[in-house]
Amino acid sequence: MNARWAVWVVNGLLAGLAFVSLFPLLWMLSVSFMPAGASSTLPTPIFPSTVTLDNYRQLFGSIGMGRYFMNSLALALLSSAISVSFNVMAGYAFAKLRFRGRDAIFKTLLGALVIPGQVAMLPLFLMLKPLGLINSYAGAVVPMMASVFGIFLVRQFARGIPDDLLEAARIDGASEWRIFLTIVVPLLAPVLATLAIFSFLGSWNDFMWPLIVLTDDSLHTLPVALAGLSREHVQDNELMMAGSVVTILPVLLVFLALQRHYMDGLMAGSVKG
Amino acid sequence: MRKTQLVGWALAAPALVVIAVFFALPVAAGLLLSLTDFDLYALADLSTLRFVGLQNYARLLQTPLFWQALGNTFYFVVVGVPVSIGLSLGAALLLNARVAKWQPLFRTALFAPVVTTVVAVAVIWRYLLHTRYGLINQGLESIGVGPVDWLGNPHWAMPAIILFAAWKNFGYNMVILLAALQAVPRELYESARVDGARPLRQLVDLTLPMLTPTLVMVGIMTITGYFQLFAEPYVMTQGGPLRSTVSVLYFMYEEGFRWWNLGNASAVAFALFVVIFAVSWVLLRFDRDPTGATA
Amino acid sequence: MKARRAALKGLGALALGGAGALAGCGRRDDPNGPLHFWAMGREAEVVAELLPAFHARHPGVQVRVQQLPWTAAHEKLLTAYAGGALPDLCQLGNTWLPEFTALDALEPLDARLAGSGVPRDDYFAGILDTNVMPTAQGPRLFGLPWYVDTRLLFYRSDLLRAAGFAQAPRSWAEWLDAMRAIRQRGGRNGFGALLPLNEPDPLFALALQQGALLADDDTRGAFSKPAFRRALDFYAGIFHEGLAPVMTDAQISNVWDEFARGMFAFYVSGPWNIGEFRRRLPTALQGRWATAPLPGPDGPGVSTAGGSSLVLFKSSRRKEAAWRLIEFLSETDTMQRFHALTGDLPPRRSAWRAPALALDAPSQAFAQQLERVRAAPKIPEWERIFQEMQQTAQRVVQRVQGAEAATAQLDAWVDALLEKRRWLRARAAAAR
């Protein structure tokens, strides 16, 4: 008796929460198909009375969303590739290779997690100026090429690699480099996937730095373009929703496809023991 | 041995160089910058740059808007963090319940807002919170509560942002807390039930103590993140109405990139860092081994 | 696995190298590349339509127009300056000229203007003056006005007549009387005027009518002095008497609907609303609204000298071609076509002879007002002081702070803000 009541309550609450979580996203999708001005009528419609692709046409036509999409994609792929490589190498080194100052450096890195990234933004901007990296892909990628969180994640995971395995390979005469590439990296495949997703999502969703460093609108990423659009087209709600769909849908799909890895990474990086 | 040393350095080097050059160096430069009066004139002609010591900080402490920004940010943290973590804990407990069905599906649904782009969902929420056409107000009106001018009323703008931030972030901590909950052996619950403990007792005496380390960690992470509030005010309210949603970082952005007072802006950034550091340090006293590294 | 990692690394390196190459790629500096022209809002969209005539005259000069949203344009321009990524020419709000001349980013245009077919005295004097900045070599022209903007009264002539006033008020006293009469007849939702609290221009215009806002060669605030206090008291008084609702424009869902409904009779606004009123107000209401120059303390008063200018950046490598474009956009018929497309008012008197303007009653009020405009203080910090002035006024209107304390606080803030300017002036004087 008690158990059956519990089933209804628990699952009901979960369903309610799920509804609250997903509704804004579904409504966004719905409004993006409405004709201009349709959502500013009372009562506010939830489903489009007429389905139209006009918003998307305008978005990819006169506004040129396709270009911003490509920018976001290129930057996300670029920074993922680089940061995964750098973080994996460093994470393994901190986990398994002894070198002088290793633990001290790692503790310092952890301390750096407390510093908000924005502290570095203004001076970084001034630094990149003489290097000519303002308003370029390189400038946008630069802060994302390595991250303390990524190194931490890899290190946690890499510590689980049995030392005997590595020792045996060393005794067999394999070089450290070879050991890394042929033994360690395959074992780290799950965390690589996790890192790649974190990196990709992090870069795609990044807002403040691209806002600052990419001045030319042909280089804008989706969030920056969307923010600009939202300040310019305050009344065109349907158009804005279409823009949001284009911005969110790719990351949602990536997440849905690879969510196992994402969750694993989240939990591995945070739960101790 | 020596070879390992070399390889160790070689492998760690790229990441360390990136972090040193593109993070540590700018942070140090930022500290220096905060001791000067770098502004528009200095941007044009570096000879007008003056070293002013701690004057920027002193002036900051006398700027009402800075205190307002600090107050707004603290309001966001003090109210928003418990709301968000409370929601996460509740959702995690629900998901962990034995009677919960379709756990993977629910987990994905509840997590979805986390991966979305802040700017894009802020645009959606800006419309959901519209005084006249927003669905939230229409829902309120249908149960008899009058419409609320969420983004136009200085008393309601920050609560609106808190609500939005909770919606967006609760899934993240939920997953972490869920993992911690699942790490609690079922036998402990069994023996507690055999001993006659009712569910609420189990929650208070068994679950929460086991969760404390994770809760502290989640708390610190969330608080640190919440102090860095920026995108939501930028997109939804532009710091208004009446500056009620100006956060410290928004203030810094305006000082630095709107008015080009880089000296002041750097001082703001460092002030924020000091605040976050202090708060984290206090909270870390509750948890003695943050790295999990006992080896 | 090894191959995959190696491939990934190779890809990463290649991409980084490519990106680096992109960074150094001289897109912007290429003397044979297109002209980069940044414009804001609707004007950017419309310029594209004017370009074919330009191309016909100057084939081989390509123009790339980039549109900036107004709300981010100021930041983007300064960021571009800091990043060395400025365009060749751009539209600049004329209140931003002092900043960019302080940055020494703009090319003086006196010689070029003198050598072109565009007569200097054809421009409204007050408007052209906003583009003239003091330099060590004397005053120089740093921009050419593109379109003008000022503020005056839009009002419901029928409501005014019903309240017993045959024509628009010409002095502050008349204006107050008119608003009071309308308020009395209007009931709960019939205000005299709508003055959104986040818009600084109405108060600014009133302040310009009273006198100087800054003192001591623009290095100290004069907001607590009688001149500004009179303007502030008049402005706040309108709210305190209940003649205008205490709200910002975010709280008005649709200003045109409310105007049609008679929520307010007077609205201080700019030229773009001539077109908007015609488009958005119901047909029954056309003919029941009009425009009139801004009333001053004792008679018709001055108003703000706003608008945008076309400026040429010193960093441009294609100054000749960029000047040709500026010249083209400043010709009388181009300006008339521009007006037809955007509704923006031309800054040249000869352009006003077009029937669309000469025979248009609402626009004629603007023609009168444009002869009576005054520039804002020409200092880089003005934009910031301007915003803070409105924040102060908002506090006074909402009775959060009294006028005396608020203006004293504003002056203290302004003095602190201008400290560096005073220091630079003292330094320059000592060097002489």
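We now turn to the structure provided with this report.

What counts and what doesn't
- Counting restarts for each chain, with residues numbered from 1 along the sequence as it is written.
- Going through the entries in the order they are written, you letter the chains from A and number the ligands from 1.
- Local features in this predicted model are restricted to residues of pLDDT 70 or higher, and side-chain atom pairs are both shown and tallied only at a pLDDT of 80 or more, whereas totals for entire chains, interfaces and linings draw on every residue.
- At least two DSSP bridges between two strands are needed for those strands to be called paired.
- Under the scheme used here, helices are H or I runs from DSSP no shorter than 4 residues and strands are E runs no shorter than 2 residues, and both carry numbers assigned from the N terminus.
- Each axis is a line fitted through C-alpha atoms, and for a helix only the stretch in contact is used; angles between axes span 0 to 180 degrees, taken between their N-to-C directions.
- The exposure label follows from counting other C-beta atoms within 10 Å of a residue's C-beta, where the C-beta atoms are placed from the backbone and the thresholds are 20 or more for buried and 12 or fewer for exposed, leaving partly exposed in between.
- Note that contacts rest on C-beta atoms placed from the backbone: two residues are in contact if these are within 7 Å.
- All residues other than Ala, Val, Leu, Ile, Met, Phe, Trp, Tyr, Cys, Pro, Asp, Glu, Lys and Arg, Gly among them, are scored as polar; the first ten of these are nonpolar and the last four charged.
- Working rule for angles: under 35 degrees goes down as roughly parallel, over 145 as roughly antiparallel, 65 to 115 as roughly perpendicular, anything else as oblique.
- Handedness of a crossing follows from how the near helix is turned relative to the far one, being left-handed for an anticlockwise turn of less than a right angle and right-handed for a clockwise one.
- Here, the term right-handed applies to a crossover whose path from the first strand over the helix to the second runs clockwise when the strands point away from the viewer.

### Observations concerning the sheet that holds strand β8 (residues 191-194) of chain C
Residues and elements named next belong to chain C. The 4 strands lie next to each other as β8-β11-β7-β12, forming an open sheet whose pairing is mixed. Of all strands in the sheet, those with a lone pairing partner are β8 and β12 (289-292), marking the two edges. Neighbour-to-neighbour, the strand axes of the sheet open up by a mean angle of 20°, direction not taken into account. One ladder, built from 4 bridges, connects strand β7 (residues 152-156) with β12; its direction is antiparallel. Counted as the bridge partner of F154 is T291 from β12.

### As for the pairing of strand β3 (residues 89-93) of chain C
Each regular strand displays side chains that alternate between the two surfaces of the sheet. Residues and elements named next belong to chain C. Summarising burial for β3: 4 of the 5 residues are buried, a large majority. Here 5 bridges tie β3 to strand β14 (residues 306-312), and the two strands are oriented antiparallel to one another. Residue L89 lies in a different strand from β14, and its bridge partner there is L312.

### Here we look at the interface of chain B and chain C
Listed per partner, the contact involves 15 residues of chain B and 17 residues of chain C. Elements represented by at least two residues in the side of chain B that touches chain C include exactly α2 (40-44) and α12 (248-258) of chain B. Ranked by residues supplied to the side of chain B that touches chain C, first place goes to α2 of chain B with 4 residues. Taken together, the residues of the side of chain B that touches chain C sort by class into 8 nonpolar, 2 polar and 5 charged.

### As for the interface of chain B and chain A
Across the contact, 77 residues belong to chain B and 77 residues belong to chain A. Element by element, the count of residues in the side of chain B that touches chain A is highest for helix α1 (residues 2-33) of chain B, at 20 residues. A class-by-class count of the residues in the side of chain B that touches chain A yields 59 nonpolar, 16 polar and 2 charged.

### Let's talk about the packing of helix α17 (residues 382-397) of chain C against helix α18 (residues 403-417) of chain C
Residue and element names in this part refer to chain C. For the pair α17 and α18, the least separation of the axes is 10 Å and the interaxial angle reads 165°. When the axis of α17 is compared with that of α18, the two are roughly antiparallel. α18 is crossed by α17, and the crossing has right-handed handedness. Every residue of α18 that contacts α17 at R384, I385, E388, M389, T392, R395 and V396 is listed here: A403, A406, T407, L410, W413, V414 and L417. For the contact of α17 with α18, the class distribution of residues is 9 nonpolar, 2 polar and 3 charged.

### As for the pairing of strand β2 (residues 63-68) of chain C
Residues and elements named next belong to chain C. Note that strand β1 (residues 35-40) and β2 share 6 bridges and pair parallel. Bridging from a neighbouring strand, F37 pairs with V65 of β2. The handedness of the β1 to β2 crossover, carried by helix α2 (residues 41-57), is right-handed.

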